Amino acid sequence: MAISTSEYTNALADALELELAALTRAGVRICGNALSPVALVKGELNEAELAGEDLLSGADGTALRAALERLGYAPEEFCAVSAVAGKAEPGVENAIACGEMLPPTLFREAVEALDSEAVILLDEAAAQVMREAYASELAEIEQFDVAMLEPGLVAHVLGRRVLALGGFEASLSDAREKQRMWAYLKLLPPAGAPY
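Residues numbered from 1 in each chain as written. Predicted model: local features only at pLDDT ≥ 70, side-chain atom pairs only at ≥ 80, totals over all residues. Heavy atoms only, no water.

Here we look at the overall build of the chain
Reasoning step 1: Looking only at helices and strands, one finds nine helices and six strands in the chain.
Reasoning step 2: Compactness check: the chain gives a C-alpha radius of gyration of 17 Å against a globular reference of 16 Å for 195 residues, within 12% of the reference.
Reasoning step 3: Taking the principal axes of its C-alpha atoms as reference, the chain extends roughly 60 × 45 × 35 Å.
Reasoning step 4: Classification of the 195 residues of the chain by burial places 43% in the buried group. (Helix = DSSP H or I, 4+ residues; strand = E, 2+ residues; numbered from the N terminus. Rg over C-alpha atoms; globule rule 2.2 N^0.38 Å. Buried < 20%, exposed > 50% of the residue type's maximum accessible area, 1.4 Å probe, protein only.)

Comments concerning the packing of helix H4 (residues 104-114) against helix H5 (residues 124-133)
Reasoning step 1: Where H4 meets H5, the axes come as close as 8 Å, and the angle between the chain directions of the two elements is 95°. Taken as axis vectors, H4 and H5 run roughly perpendicular relative to one another. Mapping the contact onto sequence places Pro 104, Phe 107 and Arg 108 in H4 and Val 129, Met 130, Glu 132 and Ala 133 in H5.
Reasoning step 2: Each residue belonging to the contact of H4 with H5 can be placed in one class, and the counts come to five nonpolar, no polar and two charged. (Axes fitted to C-alpha atoms, helices over the stretch in contact; angles between N-to-C directions. Parallel < 35°, antiparallel > 145°, perpendicular 65-115°, else oblique. Contact = heavy atoms within 4.5 Å. Nonpolar A, V, L, I, M, F, W, Y, C, P; charged D, E, K, R; others polar.)

Quick notes on the pairing of strand S3 (residues 79-82)
Reasoning step 1: Every second residue of S3 is oriented toward a common face, with Cys 79 and Val 81 on one face and Ala 80 and Ser 82 on the other, all of them buried.
Reasoning step 2: Relative to S3, strand S1 (residues 30-32) is paired through three bridges, and the arrangement is antiparallel. Opposite Gly 32, over in S3, you have Cys 79 as the bridge partner.
Reasoning step 3: Sheet topology note: the strand S2 (residues 38-42)/S3 ladder contains four bridges and is parallel. Across the sheet, residue Lys 42 finds its bridge partner in S3, namely Ser 82. (Pairing = 2+ DSSP bridges.)

Digging into the sheet that holds S2
Reasoning step 1: Strand order across the open sheet formed by six strands is S1-S3-S2-S4-S6-S5, with mixed pairing between neighbours. Each edge of the open sheet carries a strand with a single partner, namely S1 and strand S5 (154-157). Direction aside, neighbouring strands of the sheet carry axes that sit 25° apart on average.

Some remarks on helix H9 (residues 175-185)
Reasoning step 1: Within H9, burial applies to Met 181, Tyr 184 and Leu 185. End-on, the buried residues of H9 take up no more than an arc of 95°, which puts them together on one face. Residues of H9 that are exposed and point over 90 degrees away from its buried face: Ala 175, Arg 176 and Gln 179.
Reasoning step 2: Summarising the contacts, the buried residues of H9 are in contact with helix H3 (59-71), strand S4 (118-121), strand S6 (160-164) and helix H8 (168-171).
Reasoning step 3: Near the N-terminus of H9, the side chain that reaches the backbone nitrogen of Arg 176, with its oxygen 2.8 Å away, is that of Asp 174. (Arc of directions from axis to C-beta. Polar contact = N/O pair within 3.5 Å; in protein donor to acceptor, adjacent residues only side chain to side chain.)

Remarks on the pairing of S4
Reasoning step 1: Side-chain alternation along S4 places Ala 118 and Ile 120 on one buried face and Val 119 and Leu 121 on a second face that is also buried.
Reasoning step 2: Summarising the sheet, S2 and S4 pair through four bridges and their orientation is parallel. Its bridge partner lying in S4, Val 41 is registered against Leu 121.
Reasoning step 3: Relative to S6, S4 runs parallel, the two sharing four bridges. When the sheet's bridge partners are listed, Ala 118 is paired in S6 with Arg 161.

Below is the structure:
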């Protein structure tokens, strides 16, 4: 029996929806388009985000959306992931306490579920959990600074581009730092068509 393209696509979408629902029940916070080609990872949450506001709903999110759109990403191509656990549903086995850093295995599961072609680590806490979650893959990178996810260097990890910014939200109050962040973001233009 043949399966149509639309049936196959719907099955993949259903599987992704189930996987993301399981991650959310475990306390992983994900906001935006889960099918986005770029995932923005934040590990140093501001007061509003810690109080339950959506990730990147403040000035940092506005600036990132504008920068990504200027680079050529569509406005809907925006997905944010917190490296800090949100509130898990009661009864979830091995749930992480709200406000704790995600364990590397759960963080990796979230990144792999989203399967974006680029990951932008917005701060040092996000870079650290990425280092732990992908330690063996990063160890294969010959350039030490790239393997350590130093800000402004693009690492290629399992077919995706990974860029650490080293403190995006903090940079918004300093014009020079904002220029540095823009220079870093320009390293990750949308991937070209495969043909």
